[in-house]
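Structure assessment
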Amino acid sequence: MKKGIKLIFCVALTNIGIACSAAPTPHSDDKAALRLATANWVETYNRNDWAALANQFAEDGVMMPPNSPAIVGRDAIAEWEAANETGFRIALKTDDITLLGDAAIIRGRSCVFIPLNAEETGVDIGKYVEVRERTTKGEWHISQDIFNSDLAAGAPLASECPADITGL
């Protein structure tokens, strides 16, 4: 009787979109591939190649910058970056990668180097969360990206990035 109830329960859950099997086993190299994808994102950002950066997002990817509405789609992301972050550079430190089959949640800290004038750069220290999804080609595209500052609104930028946020 218990097996029958369990089967009915699993069928019911399956019918509402919840699988009754164990989660897929992540590939052993998924975290390394995600770290490489993040390093590529940083390199592309630091070149200010906004079209190439936007292509690292899913076609309908969403970027959620601070003090701005969500930006949806590759073209809109490239346009927003060009309008708001040209001349900027970034350093990221990945603190955690959670694998969920063909999806991953990446959490970390950031330093955005913002040109103040020809000689000076200020640093906005913050954090980010990304959701990446594996494509059928095995690439990890960003489906959701949210980032914000640790600094209080209106506070002056830092003069340097903390030593522990220097890369991956």
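What you see is a predicted model; the values in this text were computed from it and never measured.

**Some remarks on the environment of Cys 111**
For Cys 111, the position within the fold is in strand β4 (residues 103-115). Here the alpha-carbon distance between Cys 111 and Glu 160, two residues 49 residues apart in the chain, equals 8.6 Å. Filtering out sequence-adjacent residues up to four positions away, Cys 111 remains in contact with Arg 89, Ile 90, Ala 91, Val 123, Asp 124, Ile 125, Cys 161, Pro 162 and Ile 165.

**So, helix α4 (residues 74-84)**
Of all the residues in α4, the buried ones are Arg 74, Ile 77, Ala 78, Trp 80 and Glu 81. The buried residues of α4 occupy one face: seen down the axis, they fall within an arc of 165°. What points out from α4, more than 90 degrees from its buried face, is the exposed set Asp 75, Glu 79 and Ala 83. Buried-residue contacts for α4 involve α2 (30-46), α3 (50-54), β1 (57-64), β2 (71-72) and β6 (140-149).

**Remarks on the side chain of Arg 74**
Relative to the helices and strands, Arg 74 is located in helix α4. Judged by relative accessible area, Arg 74 falls into the buried class, the value being 19%. A distance of 2.9 Å separates a polar atom in the side chain of Arg 74 from a polar atom in the side chain of Glu 59. Ignoring sequence-local partners within four residues, the contact set of Arg 74 consists of Ala 54, Asn 55, Phe 57, Ala 58, Glu 59 and His 141.

**Some points on the side chain of Ser 143**
Mapped onto the elements of the fold, Ser 143 is located in strand β6. For Ser 143, a relative accessible area of 8% puts it in the buried group. For Ser 143, the side chain forms a polar contact with the side chain of Glu 133, separated by 3.4 Å. Contacts of Ser 143, omitting those with residues within four sequence positions, involve Ala 58, Gly 61, Val 62, Val 131, Arg 132 and Glu 133.

**A word on the packing of aromatic side chains**
Counted under the stated rule, the structure contains three aromatic pairs. On the numbers, 5.3 Å between centres and 20° between planes, the contact of Trp 41 with Tyr 45 is stacked. Taken together, the residues Trp 41 and Tyr 45, both in helix α2 and four residues apart, mark about one turn of the helix. Accessibility expressed as a relative area gives 7% for Trp 41, which makes it buried. Geometrically, the ring pair formed by Tyr 45 and Trp 50 is edge-to-face, given 5.2 Å between the ring centres and 75° between the ring planes. With a relative accessible area of 8%, Trp 50 lands in the buried category. Chaining the aromatic ring pairs together yields one cluster made of Trp 41, Tyr 45 and Trp 50.

Conventions adopted
Residues numbered from 1 in each chain as written. Predicted model: local features only at pLDDT ≥ 70, side-chain atom pairs only at ≥ 80, totals over all residues. Heavy atoms only, no water. Helix = DSSP H or I, 4+ residues; strand = E, 2+ residues; numbered from the N terminus. Contact = heavy atoms within 4.5 Å. Buried < 20%, exposed > 50% of the residue type's maximum accessible area, 1.4 Å probe, protein only. Arc of directions from axis to C-beta. Polar contact = N/O pair within 3.5 Å; in protein donor to acceptor, adjacent residues only side chain to side chain. Phe/Tyr/Trp six-rings, centres within 6.5 Å; stacked < 30°, edge-to-face > 60°.

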